[in-house]
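Examination of the molecular architecture
Here is how the chains run, residue by residue.
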Amino acid sequence: MKIVITDFSTVSSDNDLSPYIFKELGDVTCYPLTSPSELPGRIKDAEIILTNKADLTADVLGNAPAVKYIGLFATGYNNVDIEYCHSHGITVCNAGNYSTGAVAQHTFAFILEHYNKVGLYSEFSASGGWKKSPVFTSLSFPTYELSGKTIGIVGFGNIGTAVAKIALAFGMKVLVYTRTPKAADLPVIFTELEDLLSKSDIVSVHCPLNKASEKMFDKETFSKFKEGSFFINTSRGGVVCEQALYDALCSGRLSGAGIDVLECEPMKEDCILQKAPNILITPHVAWAPYETRKRLLDIVYDNLKCFISGNPQNVV
């Protein structure tokens, strides 16, 4: 089988992972990146497409008549025209659950930085501020305990559940809003979104991007947040109206935000959030520890192997 990997540099940093484990399953052509204009030509003879972010629209896939399978180096699949694939007998498989621990960890990296100010205090010490302190400590940047605070989790899949477990370990109260309620063997409180927003000190988003969630965090939504709360998005940039988030930060409605995803990635030159006060922005790396990426590669390999053997798994 002819296998085309469209954007392996989104999975591997400095060749710390190899795409050639797929050679056991077919003839592999691997590209570090593929631009939209290059994509039709590169996949025209492919039977298997392995991709992370390539935009596989109906028009693009129409130029690849031999494609039988699309394997995603991701959980999300909004870059693939699923309706077209279903109607043309193309199997699409994603990689679920590979990054649960990593994204939950990154969520709390944002939370701990916001409330403990480790980075600011490290800069303070490095610049000689501690040497000038008249007493043994410095109270230059106020810090706060997590114990007793309320976190509101929007979306309660594997990542949202993992975040809840960590929050409970910190002694936090956990509110959850999800469109698909389910039994949870955890002391969390399921509630409506408006109630969650008004009561939470921290709101963390872990829902997929779809028609229902697109721009759900807009001006009206942010107006319902508890005054001075902290907002986190490690899901998809499209669930947030960036202008509305900027305004909420500038007005003081929010005390801060931790953002790992944007509407347009990489960040645009004129991205308004770059000018926002009290914001932590990381370049879509919550999912990306080495162990996580290695797990992802193994899942994509196993998905393809199962498809070839006639027993596809993780089918979208």
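Structure report, in brief. Quick caveat: nothing in here was measured; it's all calculated off a predicted structure.

Description of the overall build of the chain
- Assigned secondary structure in the chain consists of 10 helices and 12 strands.
- Taking 20 Å as the expected radius of gyration for a compact globule of 316 residues, we find that the chain reaches 22 Å, a close match to that expectation.
- Reported as C-alpha extents along the three principal axes, the dimensions of the chain are approximately 70 × 45 × 40 Å.
- For the chain, buried positions account for 47% of its 316 residues.
- Across the chain, every contact between residues at least 6 apart in sequence was considered, and the portion connecting residues at least 24 apart equals 62%.
- Counting only carbon and sulfur atoms, one obtains 53% of the accessible surface of the chain, whose full area is about 15,600 Å².

What to know about the sheet that holds strand β10 (residues 229-233)
- Here we have 7 strands laid out as an open sheet, ordered β8-β7-β6-β9-β10-β11-β12, and parallel in their pairing. Each edge of the sheet is formed by a strand with only one pairing partner; in this case those strands are β8 (189-190) and β12 (279-281).
- Summarising the sheet, strand β9 (residues 202-205) and β10 pair through 4 bridges and their orientation is parallel. Bridging across to β10, Ile202 finds its partner in Phe230.

Section: the nonpolar core
- Phe217, Phe222, Phe231 and Leu245 are the most contacted members of the largest nonpolar core, which totals 29 residues.
- Those elements that place two or more of their residues in this core are β7 (173-177), α7 (193-199), β9, α9 (242-251) and β11 (254-259).
- Other than its neighbours up to four places away in sequence, Leu245 contacts Phe222, Phe231, Val240, Leu254, Ala257, Ile259 and Leu273.
- With 23 residues, the next largest nonpolar core counts Leu25, Leu50, Ala95 and Phe307 among its residues.

Overview of the packing of aromatic side chains
- Under the criterion given, the structure shown has 17 aromatic pairs.
- Joined through ring pairs, the aromatic side chains of Phe8, Phe22, Phe73 and Tyr301 make up one cluster.
- Above the ring of Tyr20, the side-chain terminus of Lys23 is found at 4.8 Å from the ring centroid.
- Seen from the ring of Tyr31, Arg42 lies directly overhead, with NZ or CZ sitting 3.9 Å from the centre.

Digging into helix α10 (residues 290-308)
- If you check α10, its first and last C-alpha atoms are 27 Å apart, about what 19 residues at 1.5 Å a residue would give, namely 27 Å.
- Along α10, the residues classified as buried are Thr292, Arg293, Leu296, Leu297, Ile299, Val300, Tyr301, Asn303, Leu304 and Phe307.
- Buried positions along α10 lie against β1 (2-5), β3 (48-51), β4 (69-72), β5 (91-93) and α4 (100-116).
- Following α10 by one or two positions, Gly310 adopts a phi angle in the positive range, close to 90°.

Section: the packing of α4 against helix α6 (residues 158-169)
- Where α4 contacts α6, the two axes come as close as 9 Å, and the packing angle between them is 50°. Classified by the interaxial angle, the pair formed by α4 and α6 is oblique. Seen along the crossing, α4 lies across α6 with a hand that is right-handed. In this structure, α4 uses Thr100, Val103, Ala104, Thr107 and Phe108 to contact α6, whose residues at the interface are Asn158, Ile159, Ala162, Val163, Ile166 and Ala167.
- In terms of residue class, the contact of α4 with α6 is made up of 8 nonpolar, 3 polar and no charged.

Digging into the sheet that holds β5
- Strand order in the open sheet formed by 5 strands is β2-β1-β3-β4-β5, and the pairing between neighbours is parallel. Single-partner strands in this sheet number two, and they are β2 (27-30) and β5. Direction aside, neighbouring strands of the sheet carry axes that sit 15° apart on average.

What counts and what doesn't
Residues numbered from 1 in each chain as written. Predicted model: local features only at pLDDT ≥ 70, side-chain atom pairs only at ≥ 80, totals over all residues. Heavy atoms only, no water. Helix = DSSP H or I, 4+ residues; strand = E, 2+ residues; numbered from the N terminus. Rg over C-alpha atoms; globule rule 2.2 N^0.38 Å. Buried < 20%, exposed > 50% of the residue type's maximum accessible area, 1.4 Å probe, protein only. Contact = heavy atoms within 4.5 Å. Areas by Shrake-Rupley, 256 points an atom, 1.4 Å probe, with all protein chains shown as cover. Pairing = 2+ DSSP bridges. Core = buried A, V, L, I, M, F, W, Y, C linked by side-chain atoms within 4.5 Å. Phe/Tyr/Trp six-rings, centres within 6.5 Å; stacked < 30°, edge-to-face > 60°. Lys NZ or Arg CZ within 6 Å of the ring centre and 35° of its normal. Expected span 1.5 Å × (residues − 1). Axes fitted to C-alpha atoms, helices over the stretch in contact; angles between N-to-C directions. Parallel < 35°, antiparallel > 145°, perpendicular 65-115°, else oblique. Left-handed = near helix turned anticlockwise from the far one by under 90°. Nonpolar A, V, L, I, M, F, W, Y, C, P; charged D, E, K, R; others polar.

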